[in-house]
Amino acid sequence: MTSTTALTYTCVGPSCAWPTATRATSCHRLDAGDRTVLVDLGHGALQALRAAEAPLDRLDAVLLTHLHLDHWADLVPLVWMRRFELGASAPLPVVVPEGQAARLRTALEALDALDVLDWIALTELQAGLPPTGVGPVAVTAVALPHSAVLTVNAYRLQVADGTTIVVSGDCGPSDALPAFARDAALLVLEATVPEPLAGHLTPGEAGAIVAAAQPGRALLCHYLEPLGGPAELAIARAACPDVPIAFAQPGERVPVAPRPATTPG
Ligand SMILES: [Zn+2]
């Protein structure tokens, strides 16, 4: 990839644990030139990707933030589609958080879908390591608490010209996420619930993370219907008045440019 390759973020699925008539569950698409990486692949996402004519036969990788169904359910039909409809021969690189490869195997076994493992190249990405090359991006991860069982990887993805996008998984208020997302060009994070709930963020809590991280802009996703309206956006913006922030819309494409270098001192 060259340093002039444009980076585009697309919100494939902005819904939380269940899809709506128009919103798939969690899925984020990054296009760097002719390379494509997905972060999460929840139910409804595959249909949305097909409707958008995404290049599913030549995906570089799918990174899963964690193994709740709204973040990976469509991995199985994607793999079957690539194998039997598209004739893809190369295994699809799939990245999961540390310790979750065995969980994925157990889940696939329960679903009588162990053959999926023959057609993916499954790796774990440990949080806190130096950047790892995944397709066109250099990826780092931070582990965030989510449920009693699962931690979540938030991913920081950087292309050659330095443009950086951070995609959080599901998490509650966190000091680690703002530090991890500091100065990214785009921060995509959840704003799931109207009132505080363990393992998730309200619009106000998400806004506070954006204010601490100071990305170039922020998109809120993983929101319950009918959240995501003007009232919730006003709450998020009140917590973060100096960074552009909006609720991601299904299919919304956002060109992402490098942030201007800051002047020391
Ligand atoms: Zn979720």
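Above this text you will find the structure in question.
Residues numbered from 1 in each chain as written. Predicted model: local features only at pLDDT ≥ 70, side-chain atom pairs only at ≥ 80, totals over all residues. Heavy atoms only, no water.

Asker: Let's hear about the overall build of the protein chain: which residues, and what values?
Answerer: Assigned secondary structure in the protein chain consists of six helices and 14 strands. Structurally, the protein chain occupies a C-alpha span of about 50 × 40 × 35 Å along its principal axes. For the protein chain, restricting intrachain contacts to residue pairs at least 6 apart in sequence, the fraction spanning at least 24 positions comes to 63%. For the protein chain, the exposed surface amounts to about 11200 Å²; the carbon and sulfur share of it is 56%. Considering the protein chain, the positive charge centre built from 15 side chains and the negative charge centre built from 26 side chains are found 6 Å apart. (Helix = DSSP H or I, 4+ residues; strand = E, 2+ residues; numbered from the N terminus. Contact = heavy atoms within 4.5 Å. Areas by Shrake-Rupley, 256 points an atom, 1.4 Å probe, with all protein chains shown as cover. Lys, Arg positive; Asp, Glu negative; His and termini not counted. Charge placed at Lys NZ, Arg CZ, Asp CG, Glu CD.)

Asker: So what's going on with the environment of Ala198? Which residues, and what values?
Answerer: Within the fold, Ala198 resides in the loop between strand S11 (186–190) and helix H5 (203–213). You can call Ala198 exposed: its relative accessible area is 72%. In the structure, Ala198 is positioned 26 residues away from Gly172 in sequence and 6.1 Å away in space, judged by C-alpha atoms. (Buried < 20%, exposed > 50% of the residue type's maximum accessible area, 1.4 Å probe, protein only.)

Asker: Describe the sheet that holds strand S4 (residues 61–63), with residues and values.
Answerer: Adjacent strands of a sheet form backbone hydrogen bonds with each other and so pair up, either parallel or antiparallel. Reading across the sheet, the seven strands line up as S6-S5-S4-S3-S2-S1-S14 and stay open at both edges, with mixed pairing between neighbours. Both edges of this open sheet fall to strand S6 (120–125) and strand S14 (253–256), since each of them pairs with a single strand only. Shown here is a sheet whose adjacent strand axes are inclined to one another by a mean of 20°, direction ignored. Judged from the two bridges that link them, S4 and strand S5 (residues 92–97) form a sheet pairing that is parallel. Within S5, the position partnered with Val62 by the bridge is Val94. Running at roughly 165° to S5, helix H2 (residues 75–84) makes contact with S4, S5 and S6 of the sheet. (Pairing = 2+ DSSP bridges. Axes fitted to C-alpha atoms, helices over the stretch in contact; angles between N-to-C directions.)

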